[in-house]
Amino acid sequence: MLKLIRWIFGYIIFTIEGKNSLNFINSSSKSGINLWDITKIDKILFARSASSEYENLLKTAKLNNLKLKIIERRGFPFFCLERKNRKGLAVGLILFLLIIQILSLYIWNINVNDLKNINKNEIISAAEKFGIRKGTLKKTIDAQLVNQKIMSEIPDIAWISVNIDGCGANISVKEKIETPEIISSESLPRAMKASKDGQVVHIETYKGNPVISAGDAVITGQILINSDSNIPNDEKACADGKVWAKTFYNITERVSLKKTIKEKTGKENQIYKLWLLGKEIPINFWVKPNENWEKSEINNFFKIKNFEIPFSFKKEIYTEINEVQIQITPEEALSCAESLAKSKLFEEINNKEVLSQEYETKLENDEAFFIIHLRCMENIAVPENS
Amino acid sequence: MPKEKHKLLNSLFTASVKLACVSSHIEINNNREARIEGCRKILEYGELKIKILLKSTSVVFAGRNLKIKCLTSDALLIEGFIKSVEFFN
């Protein structure tokens, strides 16, 4: 600290040559001049003192018939004096301080705490919608208002707090704990109908009277369980239950033997952009001549210890693509269709018990077909009003 | 009575001020640093020996690489390897 203060005010390193160098030290200390780092090499005395004391030191040296010689001037005043002709440096320094000052007025990044059910991007996009985005002026942000608006936008939030910390906006979110749904008899449907064609295997009736029996074939929309009341327009009449039935599905996927693929021609163009506080500044220009150019982006964000700096270097690569039609073998087409059909099958058998599955393949009009015949067991009863 | 009391207090104060003027304070940190308050003059200065005139006595610091790190009107700081401290009346 002392060293810094000395550097700020400036100090000199000098030598004293002569016989009575000790007298010089004693008389300068008596006249209140502070000296430090006093060393004696041979008969020469080296010392340091504040630059403002130079005249007093010179007088003391003269009184004692000694020769004072300045070896070096150090500190901020001399640093500036040496560079007084280098105006660019001063301008640069002022600009640097100005830029730092201006940048500190804006939001650089938005951080959201870890969440289980809500997507972080959802919170960030809601915050952006209500005025908190990278490059927003800090003083224009009304954190309380944004809190309320985000809460009304995302109903799954129990509590939210937006804190502006330095150049970052920290959003702390607490998620709502889901409460179990209470089913009242009033919310139950008046009847249950079939959601799919099938053959009834067994019936689980919780409320109401079943109108079908095991072994019956039912069609989509047919009433399966009726309300338990015989009174017409009874508001308390309701039906609930499950009807397990055998259902049938056919999953068909077809792939053409003529395939269109995208082939790179080898032509490539790159556009460089600077990204500063949410604004893009293009470095070079290039106009896409037609739609046959595919775009890919590389964003280089600069970070200091996980803190994102609001400055990045963006590279857009445009590659020319040519669409080429090729002929594939029937085996290739079939295997492609099979993989497509099987991926569809996984989506289809959601909550269903698969009883059997059969595969069928065929080639027709330059197309390969892969068909999966599926027999399932599932609950087909759905509320009548759905 | 109050006059006598005042005189007594005054004489006590003068005595304590005189005592403070004649006393010096030396503080030594390990064998590497010595702070001397109430020094009047540097009598001898070298790498191996520094002799200082205090208010009522004089002291000699002997050792190696001795240097005055800081010097003000009545205090100084010696740095280096101090081997011995000797007082002279």
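Residues numbered from 1 in each chain as written. Chains lettered and ligands numbered in written order. Predicted model: local features only at pLDDT ≥ 70, side-chain atom pairs only at ≥ 80, totals over all residues. Heavy atoms only, no water.

## Looking at the overall build of chain A
Okay, so step 1: Check the secondary structure of chain A and you find 8 helices and 20 strands.
Okay, so step 2: The C-alpha radius of gyration computed for chain A amounts to 42 Å, which surpasses the reference 21 Å derived for 386 residues by more than 25%, pointing to a less compact arrangement than a globule.
Okay, so step 3: Counting only C-alpha atoms, chain A reaches 130 × 65 × 40 Å along its principal axes.
Okay, so step 4: For chain A, the share of sequence-separated contacts (at least 6 apart) that also reach a separation of at least 24 residues comes to 67%.
Okay, so step 5: Just so you have it, chain A exposes about 25300 Å², and 52% of that area is on carbon and sulfur atoms. (Helix = DSSP H or I, 4+ residues; strand = E, 2+ residues; numbered from the N terminus. Rg over C-alpha atoms; globule rule 2.2 N^0.38 Å. Contact = heavy atoms within 4.5 Å. Areas by Shrake-Rupley, 256 points an atom, 1.4 Å probe, with all protein chains shown as cover.)

## Quick look at the sheet that holds strand β16 (residues 293–304) of chain A
Residue and element names in this part refer to chain A.
Okay, so step 1: Judged by pairing direction, the sheet is antiparallel, and its 4 strands sit side by side in the order β15-β14-β17-β16 without closing on themselves. Each edge of the open sheet carries a strand with a single partner, namely β15 (279–282) and β16. When the angles between neighbouring strand axes are averaged without regard to direction, this sheet yields 40°.
Okay, so step 2: When strand β14 (residues 258–276) meets strand β17 (residues 307–327), the two strands line up antiparallel, connected through 16 bridges. When the bridges of β17 are listed, Glu263 appears paired with Asn322. (Pairing = 2+ DSSP bridges. Axes fitted to C-alpha atoms, helices over the stretch in contact; angles between N-to-C directions.)

## Some points on the pairing of strand β9 (residues 198–207) of chain A
All names here are of chain A.
Okay, so step 1: Note: β9 against strand β11 (residues 217–218), 2 bridges, orientation antiparallel. Each residue of the ladder has a partner; that of Gln199, found in β11, is Ala217.
Okay, so step 2: Relative to strand β13 (residues 240–256), β9 is paired through 7 bridges, and the arrangement is antiparallel. The residue bridging Ile203 from the neighbouring strand is Val243, located in β13.

## Some remarks on the packing of aromatic side chains
Okay, so step 1: All told, the structure shown has 6 aromatic pairs over all chains when counted by the stated rule.
Okay, so step 2: When the ring of Tyr272 of chain A is compared with that of Phe313 of chain A, the centres are 5.8 Å apart and the planes differ by 25°; the resulting orientation is stacked. Placement of the pair is Tyr272 of chain A in strand β14 and Phe313 of chain A in strand β17, with a sequence separation of 41 residues.
Okay, so step 3: Consider the rings of Tyr359 of chain A and Phe370 of chain A, whose centres lie 5.5 Å apart with planes at 40°: the pair is tilted. Taken together, the positions of Tyr359 of chain A in strand β18 (residues 353–364) and Phe370 of chain A in strand β19 (residues 367–379) put the pair 11 residues apart, joining distant regions of the chain.
Okay, so step 4: Tyr359 of chain A sits in the partly exposed class, given a relative accessible area of 43%.
Okay, so step 5: Of the aromatic side chains, those joined through ring pairs into one cluster are Trp7, Phe76 and Phe79 of chain A.
Okay, so step 6: For the cation-ring pair, Lys362 of chain A lies above Phe369 of chain A, with the distance from its terminal atom to the ring centre recorded as 5.5 Å.
Okay, so step 7: Seen from the ring of Phe81 of chain B, Arg64 of chain B lies directly overhead, with NZ or CZ sitting 4.2 Å from the centre. (Phe/Tyr/Trp six-rings, centres within 6.5 Å; stacked < 30°, edge-to-face > 60°. Buried < 20%, exposed > 50% of the residue type's maximum accessible area, 1.4 Å probe, protein only. Lys NZ or Arg CZ within 6 Å of the ring centre and 35° of its normal.)

## Comments concerning the interface of chain A and chain B
Okay, so step 1: Facing the 16 residues of chain A at the interface are 13 residues of chain B.
Okay, so step 2: Buried surface at the junction of chain A and chain B, summed over both partners, amounts to about 1300 Å²; 55% is from carbon and sulfur atoms.
Okay, so step 3: The interface formed by chain A and chain B includes 1 salt bridge.
Okay, so step 4: Here Lys69 of chain B makes a salt bridge to Asp37 of chain A, at a shortest N to O gap of 2.8 Å.
Okay, so step 5: Counting every contact that joins chain A to chain B gives 6 residue pairs in polar contact (both at pLDDT 80 or more). (Buried area = accessible area lost by both parts, 1.4 Å probe. Salt bridge = Lys/Arg side-chain N within 4 Å of Asp/Glu carboxyl O. Polar contact = N/O pair within 3.5 Å; in protein donor to acceptor, adjacent residues only side chain to side chain.)

## Points about the domain arrangement of chain A
Okay, so step 1: Domain annotation of chain A identifies domain 1 (2–80), domain 2 (109–175), domain 3 (189–257 + 328–386) and domain 4 (263–322).
Okay, so step 2: Of note, the centres of domain 2 of chain A and domain 3 of chain A, computed from C-alpha atoms alone, are 44 Å apart. (Domains from an automatic or database assignment.)

## Section: the packing of helix α2 (residues 21–30) of chain A against helix α3 (residues 54–63) of chain A
Residues and elements named next belong to chain A.
Okay, so step 1: Remark: α2 packs on α3, axes separated minimally by 9 Å, with the N-to-C direction vectors making an angle of 135°. With respect to each other, α2 and α3 are oriented oblique. Here α2 runs over α3; the crossing is right-handed. Each of Phe24, Ser27 and Ser28 in α2 lies in contact with α3, whose residues at this interface are Leu57, Thr60 and Ala61.
Okay, so step 2: Here the residues of the contact of α2 with α3 are counted per class, giving 3 nonpolar, 3 polar and no charged. (Parallel < 35°, antiparallel > 145°, perpendicular 65-115°, else oblique. Left-handed = near helix turned anticlockwise from the far one by under 90°. Nonpolar A, V, L, I, M, F, W, Y, C, P; charged D, E, K, R; others polar.)

## Examining a nonpolar patch on the surface
All names here are of chain A.
Okay, so step 1: Together, Met1, Leu4, Ile5, Trp7, Ile8, Phe9, Phe76 and Phe79 make up a nonpolar patch on the protein surface, roughly 850 Å² of accessible area in all.
Okay, so step 2: Among the elements of the structure, α1 (2–9) and α4 (76–82) are those that each provide at least two residues to the nonpolar patch.
Okay, so step 3: A per-element tally of the nonpolar patch places α1 first, with 5 residues.
Okay, so step 4: Topologically, Phe79 is positioned in helix α4.
Okay, so step 5: For Phe79, a relative accessible area of 37% puts it in the partly exposed group. (Patch = residues over 30% accessible without salt bridge, like charges linked within 9 Å, V, L, I, M, F, W, Y side chains within 5 Å.)

## Considering the sheet that holds strand β12 (residues 223–226) of chain A
Residue and element names in this part refer to chain A.
Okay, so step 1: Read from one edge to the other, the open sheet built from 4 strands follows the order β10-β12-β8-β20, with strand pairing classed as antiparallel. Unpaired on one side and paired on the other, β10 (209–210) and β20 (381–383) mark the two borders of the sheet.
Okay, so step 2: Of the strand pairs in this sheet, strand β8 (residues 192–194) and β20 are connected by 3 bridges, and their pairing is antiparallel. Counted as the bridge partner of Ala194 is Ala381 from β20.

## As for the pairing of strand β6 (residues 157–165) of chain A
Residue and element names in this part refer to chain A.
Okay, so step 1: In this sheet, strand β7 (residues 168–175) lies alongside β6 in antiparallel orientation, the contact comprising 8 bridges. Looking across to β7, one finds that Trp159 is bridged to Lys174.
Okay, so step 2: In textbook terms, the turn of a hairpin is the stretch between consecutive antiparallel strands, and for β6 and β7 this stretch comprises 2 residues, one of which, Gly166, has a positive phi near 65°.

## Considerations on helix α8 (residues 330–348) of chain A
Residue and element names in this part refer to chain A.
Okay, so step 1: End to end, α8 covers 26 Å across 19 residues, agreeing with the expected 27 Å (1.5 Å per residue, within 8%).
Okay, so step 2: Looking at α8, one finds that the buried residues are Ala333, Ala337, Ala341 and Leu345. Projection of α8 onto a plane perpendicular to its axis shows the buried side chains occupying an angular sector of 110°, all on one side. Along α8, the residues that are exposed and aim more than 90 degrees away from the buried face are Glu331 and Phe346.
Okay, so step 3: For α8, the elements touching its buried residues are β13, β18 and β19. (Expected span 1.5 Å × (residues − 1). Arc of directions from axis to C-beta.)

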